[in-house]
Structure formats: C-alpha cells, structure tokens
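Here's the letter readout for the chains.
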Amino acid sequence: MLQEKQVVLSGIRATGKMHLGNYLGAMKNFVDLQNTEGYQCFYFVADYHTLTTNPDPDELKTNLPGIVLDYLAAGIDPEKSTLYAQSSVPELAELCLLIGMVTPIGELMRCPTFKEKARKQPDNVNHGLFTYPVLMAADILGPKADLVPVGEDQLPHVEITRFIANRFNSRYGKVFELPVALMEKAIRVPGLDGTDKMGKSEGNTIDLSDSADAVWEKLRVAVTDEQRERRSDPGRPYLCNLYALHEFVSLTDIVKAIDEECRSATIGCIDCKKKLAENITAILDPLQQRRVEIAKGPDYIRQVLHDGGQRAREIIKETVAEVRQKMGLIMY
Ligand code: ADP
Ligand code: TRP
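Here the structure is a predicted model, which means the values were calculated and not measured.

Comments concerning the site of ligand 1
Part 1: Taken together, 14 residues sit near ligand 1, with His19, Val189, Lys197, Met198 and Lys200 positioned nearest.
Part 2: Within the side chain of asparagine 22, an N or O atom sits 3.0 Å from an oxygen atom of ligand 1.
Part 3: The side chain of lysine 197 places a nitrogen or oxygen atom 2.5 Å from an oxygen atom of ligand 1.
Part 4: Protein contact buries 88% of the 530 Å² of open area that ligand 1 shows by itself.
Part 5: For the shell around ligand 1, the class distribution of residues is four nonpolar, six polar and four charged.

See the structure below:
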C-alpha cells in the first residue's frame, strides 16, 4: 500500500533580516525535511502575524521578499515545497474566525507569548496579538499538517492548536489530525552579547547578509568569557558564547582543539574569533551568492509566491469548506 506523505508546515514572520540563528535553528531544518522522502512541505511567510507587532506597511513590503529570497537561497525548492505568503490565502482568516468559536479566551490569556508581547508593547495590545495562536492554529490545521518544525518558544502555540483541533473534532466530528511539534533538532543559537539567544530585536545577531568584514567586526567586539582578561589567563569555553557558536558552525575536531587550547591559554580570544569568523563566512558565502543569483530576476519571487499561494489555497479551501459544512454554514 502506498503510504501517505506526512504534511510538514512552518512559517517565519517578516519582522526583519534573517540571522544565523534563524538559519541554523529553522531554515536549515526546513530544507532537510523538504529533501527527505515521505514529507510534503508547506513553508510560508507569516505576514498577517507580522502586523501584530510590526505595523509598518513599507517595512513589510521590503522584508517579505527578503525572507522569501532567504528561503530560496537556503535551498527551499518551490517545485518540491509549497512556498507562499500567508495573506495570499485569505481563507486562513475565515478559518481563524471559525476555530475561534472553540477557543476559550482563558487559553489565550494564559499563553506565555501573549503575556510577553503585551509587556513589550503596552501601547499596542491589539486583538491580533491576543488571537495570534488561533491564526497560527489556522495556519497549521488549514493544510492538515502532521509535523510542525518550530523552536521551543513556539511550543505553547502548537499545544493550543492541538487543543483547538481536539475540541473541534469532539464537538463537530473529526476533521483534523492532531499536529505534533518537531523539536528533535530544536537548537538555540546564542547571541553575540553573551545572552543565550540570538534574536532580531536583541541587536546581537550575525545576519545572513553580513559580509566577511561585517562578520569580523561583529565578532571582534563580541562578549567572551569575561573572567579571561589577559591572553595568558586560562579560559572557560563552557561559559563562553562564542565557543557555543563554534559548536554550531565548526567541525568537531576544531571545536575539540579550541576547547583544549582555550582552557590551556594556548590560543587567545582573537585567534578563536578569527577561526569562528572564517567558519561562519564559509556558511554565509554560498547563501549570499545564491541570493544574488535569484534576486536578478525581479519577477521570480512574485511568481513563486503566486504559484505557491494558489497551490496552498486549493488545499486550504477544501478544509475550510469541510469546517463550514460541519458547523452548519451554508453559502447562499
Ligand atoms: P527572532 O527571535 O530573531 O525574532 P523569529 O521569532 O522570527 O526570530 O524566529 C523565526 C524562526 O527562527 C523560529 O522557528 C525560531 O525558533 C528560529 N530561531 C530564532 N532565533 C533562534 C536562535 N537564536 N536559535 C535557534 N533558532 C532560532
Ligand atoms: N509564530 C511563529 C514565529 O513567530 C511563526 C508562525 C506563524 C508559525 N504561523 C505558524 C510557525 C505556523 C509554525 C507554524 O516564529
């Protein structure tokens, strides 16, 4: 018997430039899944979700194609994966409205990401921010995704999605499978400022668009083990953020050597940073070259998003029709 493909789905918001953490923690994974037998992948830019925190229309119009270019440069192949902009599938907004009827507001109020974002932008605690998890559930349930590769910060949202799917199925009859968060490869790339997460709003990133010089300038001043003041002081790699970065981008032998040489003060932080810069640049270089190639055809991105949007729409429309029918809605 032919086994049905598992549906994989994930999205990224268009809130700014992509950084190394986004690439290693999300996009690289997406590409691996796309290239694994047995998976049908849906990847999108969550532009509706972007508006919950970043309402500037001009920024959105620049950032969205940028993220799509990054997807493509990272290796997402629009022939293999369905790549689209969330708002090109307006049926998702209807699905969000409908599944909202089985979402208790208590669930949304308890959501840690809502509390955090409300704290961060007290002047803009909008309805979209509050219903963020419901729209995310629509994203996931629309194409009936089985697997959702996300970082650990997104787990509460996948949990709410399962809750909604369950509620819907038991009230109206089975429509949805329960999606599972794919966390095996969830990693957390540290920031350059000594904090444990590289993040767009933290200003501690290496961007995918950074030149070799820019990478070096950022690393040169990046925080290391603060107790290692002199070159002759033995270092503590297990406490050093840049060592943690080495673990993500350098070969095992090099990482091992750096560990020993740092502890014995055989190498200084500058030597260690130079190696790190080289290895990061080696990852970024091919991505940047592909990005330039792809960006040459200005219509290409629009075409990819158009085709992907149409494909996603066909599939999501069917789910919405099923949901409407179960809920007793008739198109008169
Ligand atoms: P940011 O935190 O920089 O705003 P997003 O929240 O837009 O990034 O995340 C987009 C994707 O990249 C998510 O899947 C998230 O889990 C992943 N990601 C973001 N930062 C990191 C990081 N430092 N390490 C690993 N993955 C990350
Ligand atoms: N909330 C996700 C983030 O901030 C983006 C997102 C929106 C998403 N809809 C999704 C991720 C559906 C996975 C599945 O990173």
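Description of unusual backbone geometry
Part 1: Positive phi, close to 55°, is recorded for lysine 144, a residue that is not glycine.
Part 2: Within the secondary structure, lysine 144 is located in the loop between helix H8 (132–141) and strand S4 (147–149).
Part 3: With relative accessibility at 26%, the residue lysine 144 sits in the partly exposed group.
Part 4: At alanine 265, a position not held by glycine, the phi torsion is positive, near 60°.
Part 5: Within the secondary structure, alanine 265 is located in the loop between helix H12 (252–263) and helix H13 (269–295).

Side note on the nonpolar core
If you look at soluble globular proteins, the nonpolar side chains tend to sit buried side by side.
Part 1: Leu20, Tyr43, Tyr71, Ile206, Leu219 and Ile280 are the most contacted members of the largest nonpolar core, which totals 54 residues.
Part 2: Dropping the residues within four chain positions of it, leucine 20 is found in contact with Met198, Ile206, Leu208, Leu245, Val249, Ile280 and Leu284.
Part 3: Judged by nonpolar contacts, the second largest core, of 42 residues, contains Ala46, Leu135, Ile160 and Ala312.

Comments concerning the site of ligand 2
Part 1: Surveying the vicinity of ligand 2 reveals 14 residues, the closest of which are His49, Tyr132, Met136, Asp139 and Gln154.
Part 2: A distance of 2.7 Å is found between a nitrogen atom of ligand 2 and a side-chain nitrogen or oxygen belonging to tyrosine 132.
Part 3: Aspartate 139 is positioned such that a nitrogen or oxygen atom in its side chain is 2.7 Å from a nitrogen atom of ligand 2.
Part 4: Here ligand 2, which alone exposes 360 Å², has 89% of that area covered by the protein.
Part 5: Listed by contribution, the elements that provide at least two residues to the shell around ligand 2 are strand S1 (6–12) and H8.
Part 6: Ranked by the residues each element gives to the shell around ligand 2, the list is headed by H8, at four residues.
Part 7: Of the residues that constitute the shell around ligand 2, the class distribution is eight nonpolar, four polar and two charged.

Concerning helix H3 (residues 57–74)
The α-helix advances 3.6 residues per turn, and as a result positions three or four apart in sequence lie on the same side.
Part 1: With 18 residues, H3 ought to run about 26 Å at 1.5 Å a step, and its terminal C-alpha atoms sit 26 Å apart, in line with that.
Part 2: All buried positions along H3 are accounted for by Leu60, Asn63, Leu64, Gly66, Ile67, Val68, Leu69, Asp70, Tyr71, Leu72, Ala73 and Ala74.
Part 3: One side-chain oxygen of the residue at the start of H3 lies 2.9 Å from the amide nitrogen of aspartate 58, identifying that residue as aspartate 56.
Part 4: Two residues or fewer past H3, glycine 75 is found with a positive phi of approximately 120°.

Conventions we followed
Residues numbered from 1 in each chain as written. Chains lettered and ligands numbered in written order. Predicted model: local features only at pLDDT ≥ 70, side-chain atom pairs only at ≥ 80, totals over all residues. Heavy atoms only, no water. Near = heavy atom within 4 Å. Polar contact = N/O pair within 3.5 Å; in protein donor to acceptor, adjacent residues only side chain to side chain. Areas by Shrake-Rupley, 256 points an atom, 1.4 Å probe, with all protein chains shown as cover. Nonpolar A, V, L, I, M, F, W, Y, C, P; charged D, E, K, R; others polar. Helix = DSSP H or I, 4+ residues; strand = E, 2+ residues; numbered from the N terminus. Buried < 20%, exposed > 50% of the residue type's maximum accessible area, 1.4 Å probe, protein only. Core = buried A, V, L, I, M, F, W, Y, C linked by side-chain atoms within 4.5 Å. Contact = heavy atoms within 4.5 Å. Expected span 1.5 Å × (residues − 1).

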